[in-house]
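A closer look at the structure
Here are the chains, one letter per residue:
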Amino acid sequence: SIGLIIFKRYRGQKRIAGNTRSESRLSQCLNSVKYGFYIMRHPFGGFWDMKAEKKGTVSGAAIILAAVLLLNLISFMTTGYLIAGSSRTTENLFVKSILSVVLPMLLWCAANWSVTTLMSGSGSFENIFMYSSYSLTPMVIGIPLQIILSNVLSLDELGLYSIINIL
């Protein structure tokens, strides 16, 4: 805890010295990814800020989508036997992961953009992709929890796994 206090104090002095513009692209990207967790707590205000104040970035949305894709791939490989069964050996998990995350996302964005275009709406494909990707942030927390529970729970306790899966 002492190291954390020193780090915060040093970081505050650095910003006071006028180095706020030198914030790296990586930290900007991480801040935009952390914005997804703000949206989880304040959905109405968070999505309004994305629209009105231009918070959130396409790169942050792409990172969240990539994290969900990676976690989905890890989930296919490490889910417990009671849930996954023995069919994992005959499947191409990478293709299954892409087909279950990226393809539905692209179809959703394309369909939503098509409707807004036909109805003279103001939604761009970029905005639809950002909003949809940021709405996947709860999966970044839920998928690891599902992986852990699928390897720990017994057959009688799988109802808890189903509840987390539905949420």
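Because the structure is predicted, anything quoted here is derived from the model rather than measured. (Residues numbered from 1 in each chain as written. Predicted model: local features only at pLDDT ≥ 70, side-chain atom pairs only at ≥ 80, totals over all residues. Heavy atoms only, no water.)

Of the regular secondary structure elements, the chain holds nine helices and zero strands. The burial tally for the chain puts 28% of its 167 residues in the buried class. When contacts within the chain are restricted to residue pairs at least 6 apart in sequence, long-range pairs at least 24 apart make up 67% of them. Working note: accessible area of the chain is about 11400 Å², and carbon and sulfur atoms make up 67% of it. (Helix = DSSP H or I, 4+ residues; strand = E, 2+ residues; numbered from the N terminus. Buried < 20%, exposed > 50% of the residue type's maximum accessible area, 1.4 Å probe, protein only. Contact = heavy atoms within 4.5 Å. Areas by Shrake-Rupley, 256 points an atom, 1.4 Å probe, with all protein chains shown as cover.)

For residues that are not glycine, phi is negative in most cases, and the peptide bond is trans in most cases. Even without glycine at this site, Lys-54 takes up a positive phi of about 55°. Note that Lys-54 resides in the loop between α3 (43-52) and α4 (58-78).

All right, on to the nonpolar core then. Ranked by size, the top nonpolar core spans 17 residues in total, and within it Met-50, Leu-65, Met-105, Phe-129, Tyr-134 and Leu-136 carry the most contacts. If you list the elements that add at least two residues to this core, you get α2 (25-41), α4, α6 (93-118) and α7 (125-134). Those residues in contact with Met-105 that lie beyond four places of it in its chain are Leu-65, Phe-129, Ser-132, Ser-133 and Leu-136. Listed in part, the five residues of the second largest apolar core include Leu-153, Leu-158, Tyr-161 and Ile-164. (Core = buried A, V, L, I, M, F, W, Y, C linked by side-chain atoms within 4.5 Å.)

On to the side chain of Ser-133. For Ser-133, the position within the fold is in helix α7. Relative accessible area serves as the criterion here: at 0%, Ser-133 is assigned to the buried category. Contact partners of Ser-133, with chain neighbours within four places excluded, come to Ala-61, Ile-64, Leu-65 and Met-105.

The tally for this structure, following the rule as stated, stands at three aromatic pairs. Look at Phe-47 and Tyr-131: their rings are 5.9 Å apart centre to centre, the planes differ by 80°, and that puts the pair in the edge-to-face class. With a gap of 84 residues between them, Phe-47 in helix α3 and Tyr-131 in helix α7 connect regions that are remote in the sequence. On the basis of relative accessibility, which here comes to 26%, the residue Phe-47 falls in the partly exposed class. (Phe/Tyr/Trp six-rings, centres within 6.5 Å; stacked < 30°, edge-to-face > 60°.)

Take the packing of helix α8 (residues 137-152) against helix α9 (residues 158-166) next. Put simply, α8 and α9 touch, their axes get as near as 10 Å, and they point 165° apart. As judged from the angle between their axes, α8 and α9 are roughly antiparallel. The way α8 lies across α9 gives a crossing that is left-handed. Residue-level inspection shows Gly-142, Leu-145, Gln-146, Leu-149 and Ser-150 of α8 in contact with α9, the latter providing Leu-160, Tyr-161, Ile-164 and Asn-165. Taken together, the residues of the contact of α8 with α9 break down into five nonpolar, four polar and no charged. (Axes fitted to C-alpha atoms, helices over the stretch in contact; angles between N-to-C directions. Parallel < 35°, antiparallel > 145°, perpendicular 65-115°, else oblique. Left-handed = near helix turned anticlockwise from the far one by under 90°. Nonpolar A, V, L, I, M, F, W, Y, C, P; charged D, E, K, R; others polar.)

Before going further, it helps to examine the environment of Met-77. Mapping Met-77 onto the fold places it in helix α4. Between the C-alpha atom of Met-77 and that of Phe-94, which follows or precedes it by 17 residues, the distance is 9.9 Å.

Once that is clear, we can look at the environment of Val-58. Among the secondary structure elements, Val-58 is positioned in helix α4. Residues Val-58 and Tyr-131, spaced 73 residues apart in sequence, show a C-alpha to C-alpha distance of 9.5 Å. Those residues in contact with Val-58, other than ones at most four positions away along the chain, are Glu-126, Phe-129 and Met-130.

Moving on to α9. Buried within α9 are the following residues: Leu-158, Tyr-161 and Ile-164. One face of α9 carries all of its buried residues, which in axial projection span an arc of 115°. Among the structural elements, α5 (81-84) and α8 are those in contact with the buried residues of α9. (Arc of directions from axis to C-beta.)

This paragraph deals with a nonpolar patch on the surface. On the surface, a cluster of nonpolar side chains totalling about 350 Å² of accessible area is made up of Val-95, Leu-99, Leu-103 and Leu-107. By secondary structure assignment, the location of Val-95 is in helix α6. For Val-95, a relative accessible area of 38% translates into the label partly exposed. (Patch = residues over 30% accessible without salt bridge, like charges linked within 9 Å, V, L, I, M, F, W, Y side chains within 5 Å. Salt bridge = Lys/Arg side-chain N within 4 Å of Asp/Glu carboxyl O.)

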